[in-house]
Amino acid sequence: RRRHTRYIGDWSSDVCSSDLGVVRPAAWSRIGTQLGGVVTTLAAPVGDTVTEGQVLARVRSPLDGSIEVISAPWAGTVTARGVSLGDSVMPGATLFVVSDLSSLRIEVADVDEFTVSRVHRGQRAVVAVPALDVQGASAIVRSVGAQPVGASVPDASLASTTDHYPVSVDLMEPVPGLRIGMAV
């Protein structure tokens, strides 16, 4: 796994973490079907900007032939579509993900126990995005986990001994070209 340095701290601090973080939208929603059936209409491809209430799909119930209208719960961008026209879907199946791309967050699952004690909510941070050759994007720490998680341990039985903590960092300004899922 490639390691990238991401500084977490104020501009002059030496607090840093060299573990991998991932870009996530600050707000997103999985949109699914309640009844299940056959997808008869798809109105929004990945990348489309949608408005609140906009129809994304229609699903015909095999039981009574009724049509379930699947719509966007709020304005955003379609970032995933898990179905094709004609697919049969089960009740509760996720058909789309709509995300607010105007506010992105960095999720870091494994800040070590030596670093986490120096990281706190509201602290300024600097984020590097190697894929975009960005070395100093301004950010602020949104949350710091109160207990460790075994994010980078393949054996769940070792999770309680890893002492790695989740940290969420909000970007303060847009980074051109930054996409959901990119490593930072």
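Each value, and the rule that gives it
In this numbering scheme, every chain counts its residues from 1 along its sequence in written order. Given that the model is predicted, a residue must reach a pLDDT of at least 70 before its local features are reported, and side-chain atom pairs must reach 80 or more before they are shown or counted; all residues, however, enter totals for whole chains, interfaces and linings. To get the side-chain values, all heavy atoms of the structure are used, and hydrogens and water are removed first. In this analysis, strands are considered paired if DSSP registers two or more bridges between them. Counting from the N terminus, the helices are the DSSP runs of H or I reaching at least four residues and the strands are the DSSP runs of E reaching at least two. Of the grid points, spaced at 1 Å and generated over the protein atoms alone, those admitting a 1.4 Å probe that cannot get out make up cavities, while open sets with protein on both sides within 12 Å along at least five of seven lines make up pockets; any residue with an atom within 4 Å of a point is treated as lining. Grid points are joined across faces, edges and corners, and a volume is the space filled by probe spheres set on the points. Residues are sorted three ways: Asp, Glu, Lys and Arg are charged, Ala, Val, Leu, Ile, Met, Phe, Trp, Tyr, Cys and Pro are nonpolar, and all the rest, Gly among them, are polar. Exposure classes here rest on a 1.4 Å probe applied to the protein chains alone. A residue is buried below 20% of its type maximum, exposed above 50%, and partly exposed in between.

K.L.:
Describe the sheet that holds strand β7 (residues 67-71), listing the residues and the values that go with them.
P.N.:
Taken in spatial order, the four strands line up as β7-β6-β4-β9 in an open sheet, and their pairing is antiparallel. If you trace the sheet from one side to the other, it starts and ends with β7 and β9 (88-89), each paired once. Pairing between strand β4 (residues 37-42) and β9: two bridges, direction antiparallel. In the strand pairing of β9, G37 is matched with V89.

K.L.:
Outline the layout of surface pockets, listing residues and values.
P.N.:
Computed from the structure, the largest pocket encloses a volume of approximately 330 Å³. L101, S102, L104, L178 and R179 are, among the 18 residues lining the largest pocket, the residues nearest its centre. Mapped onto the lining of the largest pocket, the elements with two or more residues apiece are β8 (76-81) and β10 (94-112). Of all the elements, β10 adds the most residues to the lining of the largest pocket, at four residues. Counted by class, the lining of the largest pocket contains 11 nonpolar, five polar and two charged residues.

K.L.:
Lay out the pairing of strand β13 (residues 164-171) in plain terms, naming residues and giving numbers.
P.N.:
Within β13, seven of the eight residues are buried, which leaves the element mostly enclosed by the surrounding structure. Relative to β13, β10 is paired through six bridges, and the arrangement is antiparallel. From the neighbouring strand, V108 faces β13, where its bridge partner is V167. Sheet topology places strand β12 (residues 134-144) next to β13; five bridges connect them, and they run antiparallel. Paired with S143 across the strands is S168, a residue of β13.

K.L.:
I'd like to hear about unusual backbone geometry, residue by residue, with values.
P.N.:
Despite not being glycine, D133 shows a phi value in the positive range, around 55°. Structurally, D133 is set in the loop between β11 (124-129) and β12. Since its relative accessible area comes to 64%, D133 is described here as exposed.

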